[in-house]
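# Structure at a glance
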Amino acid sequence: MTLTKAPAACLIGWPAAHSRSPLIHHYWLRTLGIEGGYVIEAVPPENLRDFVLRLSLRGFVGANVTIPHKEGVLALSTPDARAKAVGAANTLWFADGELRSTNTDVEGFINNLDAGAPGWEAAEEALVLGAGGAARAVVFGLLERGIKCVHVANRTVARAETLAKQLGPSVHPLPWDAISDVLPRVKLLVNTTSLGMHGQPSLDVDVARLPQAAVVADLVYVPLVTPLLAAATARGLKTADGLGMLLHQAVRGFELWFGRRPEVTAELRALVEADLTKT
């Protein structure tokens, strides 16, 4: 009799101990009745190459990748168009014996918007705050869905200019102090910065200047309801939160590793919410 080992995936990061990914994937494994595993692997930068190149030898069918390794894994895998365009990968899997990579932050953000604020893509102009890796994924997703004009505001405007050069003429760099000038025109506002997160400075953006039909999204999920989202909700605007994106970005990786497409349910959200809010 041949014993086959249950498939397992991991999260590669440094540090990685506080990730909620194991909670999410273990929930799906349990509810779908799949024999499998998901563990955290704290991998220092100097060990990344060795760890990734021996991923299957270590018994893994794939991996999630988090800070600071999202850029480093591109050279160690075959990235798809999304990972190349964003310049970062957060998911690894094997296909035809080859290690592939993608960036599911793109669909995580977009699918969360679809779930929380249907009709959002009617916006002709959007404003994205921040110009880091998360912003690149968000902007790529917005352009893919046909948003004609994406303003990108960053305190260091040169970073926004670099992002615009990478992603094309529909992206317009914006100095941070010019944010209030474009707010009346944008139907979608997205915060990709850490401003408003616990322990970080607040995000000073006046949502009262947005059109009444605007949608506001925040990638921060600690706290669950950021001051930006609270202000938007108080004004009656549709919102999409960071926890929703976290849950939706995990779907495709699970499907690639374990062969079943999981669902983001109210029960899963409640489970992760409880974990985030426990003291």
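Preceding this section is the structure that the text describes.
Residues numbered from 1 in each chain as written. Predicted model: local features only at pLDDT ≥ 70, side-chain atom pairs only at ≥ 80, totals over all residues. Heavy atoms only, no water.

Before going further, it helps to examine the pattern of salt bridges. This model, assessed by the stated rule, comprises 16 salt bridges. A salt bridge links E107 to R82, with the nearest nitrogen and oxygen atoms 2.7 Å apart. You can see E107 sitting in helix 4 (residues 105-116) and its partner R82 sitting in helix 3 (residues 81-86), a full 25 residues away along the chain. Overall, R82 belongs to the partly exposed group, its relative accessible area being 21%. One salt-bridge network, in which partners are shared between bridges, spans R20, D275 and K278. (Salt bridge = Lys/Arg side-chain N within 4 Å of Asp/Glu carboxyl O. Helix = DSSP H or I, 4+ residues; strand = E, 2+ residues; numbered from the N terminus. Buried < 20%, exposed > 50% of the residue type's maximum accessible area, 1.4 Å probe, protein only.)

Turning next to the sheet that holds strand 10 (residues 188-191). The six strands lie next to each other as 9-8-7-10-11-12, forming an open sheet whose pairing is parallel. Only two strands of the sheet have a single neighbouring strand rather than two, namely strand 9 (171-175) and strand 12 (238-240). Going across the sheet, the axis of each strand differs from the next one's by a mean of 20 degrees, ignoring polarity. Both strand 11 (residues 215-218) and strand 12 contribute to a ladder of three bridges, which runs parallel. The partner of A217 across the bridge, within strand 12, is A240. The sheet contacts of helix 5 (residues 133-144) involve strand 7 (125-129), strand 8 (149-154), strand 9 and strand 10, and relative to strand 7 the element is tilted by about 170 degrees. (Pairing = 2+ DSSP bridges. Axes fitted to C-alpha atoms, helices over the stretch in contact; angles between N-to-C directions. Contact = heavy atoms within 4.5 Å.)

What follows concerns the sheet that holds strand 3 (residues 60-65). Within a sheet, adjacent strands bond to each other through the backbone by hydrogen bonds, running parallel or antiparallel. Here six strands make up an open sheet; going across it, the order is 2-1-3-5-6-4 and the pairing mixed. Every interior strand has two partners, whereas the edge strands, strand 2 (37-42) and strand 4 (78-79), have only one. Relative to strand 5 (residues 91-95), strand 3 is paired through three bridges, and the arrangement is antiparallel. Along strand 5, the bridge assignment pairs G62 with W93.

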